Amino acid sequence: MSYDLIIKNGRSITGSRIEIAINAGKIVKVSEQIDADSKEEVCLDGQTYVSAGWIDDHVHCFEKMSLYYDFPDEIGVKKGVTTVIDAGTTGAENIHEFYDLAKQAKTNVYALVNISKWGIIEQDELADLSKIKEELVHKALRELPDFVVGIKARMSKTVIGENGITPLEMAKKIQQANHNLPLMVHIGSAPPQLDDILAHMSKGDVLTHCFNGKPNGILDKEQEKIKDFAWAAYNKGVVFDIGHGTDSFNFHVAETALKEGMKAASISTDIYIRNRENGPVYDLATTMEKLRVVGYEWPEIIEKVTVEPAENFHFTTKGQVKEGYDGDLTIFTIEAGQKTLTDSNGFTREATEIIKPVKTIIGGVVYDN
Ligand code: ZN
Ligand code: ZN
């Protein structure tokens, strides 16, 4: 038997030895040891980790936008990320243009279509309800079924104007008309009040910016505890997603939640060119380091950038190192080191473990980091 590619002498995040064979872009064998010929071999040192390719489920990577934009490969393959989901940068009117560019990237790019028809062309895309054209969203979903994996609604003060909870009700209606496809909801300053937003969300809906430090967040700052309605949403199965961003990740909120036993389901960056170049985001690895200093263990951190986002966005061939799955892998090291990490509110923590992608494999093609 000969393979296209074999990864030799790797280590899984739980410490076991792992070797992986890939043919025609798909994982065809996973074992402790694979002895066979291959056209290409990546031989590791037994200490370097291999996981399913990292998935960042909240990014902005349509380069033609001016507010939030980036280039898929700058935040993807170059950063150990094999798959990104653009979270509503575009709407039904401009998503085709995004698709044409995105499919040229080495990184796997998917999109959530913004319920507002031009996406985040301006900061207040949901202030004018006439921009939410249900039929246009259905059309985008029909025309780009392999690209659009869900819908996005940004539910915070500057975005919705005077519209209160109405845009979310419209988003839920669109979702229900499309086989309950994934819905991501951004939160921030009120109105709408967070308890009202959460009351409208269902099991499986993704709440991004879950650990933001704003007054309208999940933390009751006087009582120093997580608000009851946030716990109620968490317990009913609303998916808590980090969506770090320029303004939306606070160490203290994440730490308080963890102390009470509440964890984010998925770790994502909300990255775009400015918070990549100037911080505080930089990349997915740095965001993962932040959850490590909060107190998450590395194996669960890896799950939160692989299995979890794959499940939440219904990717049936990604997120696991398993026969039949896509040949997307991230090869990385975790080493002792020193690094000051800064959250969105300027608070810092000292990391003592540094995670660093060294190779990114996408569809069986190997890229060095
Ligand atoms: Zn947002
Ligand atoms: Zn965003």
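Residues numbered from 1 in each chain as written. Chains lettered and ligands numbered in written order. Predicted model: local features only at pLDDT ≥ 70, side-chain atom pairs only at ≥ 80, totals over all residues. Heavy atoms only, no water.

Caption draft 1: Structural detail: the domain arrangement of the protein chain. Each assigned domain of the protein chain is listed here: domain 1 (2-51 + 323-368) and domain 2 (54-312). Each of domain 1 and domain 2 has a C-alpha centre, and the two are 26 Å apart. With 27 residues of domain 1 at the contact, the number on the domain 2 side is 33 residues. Across the interface of domain 1 and domain 2, roughly 2300 Å² is buried in total on both sides, 62% from carbon and sulfur atoms. Contact with domain 2 buries surface across domain 1, with Ser344, Arg349 and Ile355 losing the most and accounting together for 24% of the total. (Domains from an automatic or database assignment. Contact = heavy atoms within 4.5 Å. Buried area = accessible area lost by both parts, 1.4 Å probe.)

Caption draft 2: Spotlight on helix α3 (residues 134-143). Every buried residue belonging to α3 is among Val137, His138, Ala140 and Leu141, and all of these are buried. Along the axis of α3, the buried residues cluster in a sector spanning 160°; they form a single face. Tucked into the core, α3 has its buried residues touching α2 (95-102), β8 (108-114), β9 (148-155) and α5 (166-176). (Buried < 20%, exposed > 50% of the residue type's maximum accessible area, 1.4 Å probe, protein only. Helix = DSSP H or I, 4+ residues; strand = E, 2+ residues; numbered from the N terminus. Arc of directions from axis to C-beta.)

Caption draft 3: Summary view of the coordination of the zinc ion (ligand 2). Only His58 (NE2), His60 (NE2) and Asp270 (OD) from the protein coordinate the zinc ion (ligand 2), and they sit 2.0 to 2.3 Å from it. Sequence positions of the donors to the zinc ion (ligand 2) reduce to the motif H-x1-H-x209-D. The distance between the zinc ion (ligand 2) and the zinc ion (ligand 1) comes to 3.6 Å. Here Asp270 lies in the loop between α8 (251-260) and α9 (273-277) and His58 lies in strand β6 (residues 54-59), a separation of 212 residues in the sequence. Of the two residues examined, His58 and Asp270, each falls in the buried class. (Donors = N, O, S within 2.8 Å, 3.2 Å for Na, K, Ca; no water.)

Caption draft 4: Seen up close, the packing of aromatic side chains. A complete count under the given rule lists 10 aromatic pairs for this structure. Summarising the aromatic geometry, the rings of Tyr49 and Phe332 are spaced 5.4 Å apart at their centres and angled 20° between planes, so their arrangement reads as stacked. Taken together, the residues span a long stretch of sequence, with Tyr49 in strand β5 (residues 49-52) and Phe332 in strand β15 (residues 329-342) at a distance of 283 residues. Summarising the burial analysis for this pair, Tyr49 and Phe332 share the class buried. The rings of Phe62, Phe98, Tyr99 and Phe147 are connected pair by pair, giving a single aromatic cluster. (Phe/Tyr/Trp six-rings, centres within 6.5 Å; stacked < 30°, edge-to-face > 60°.)

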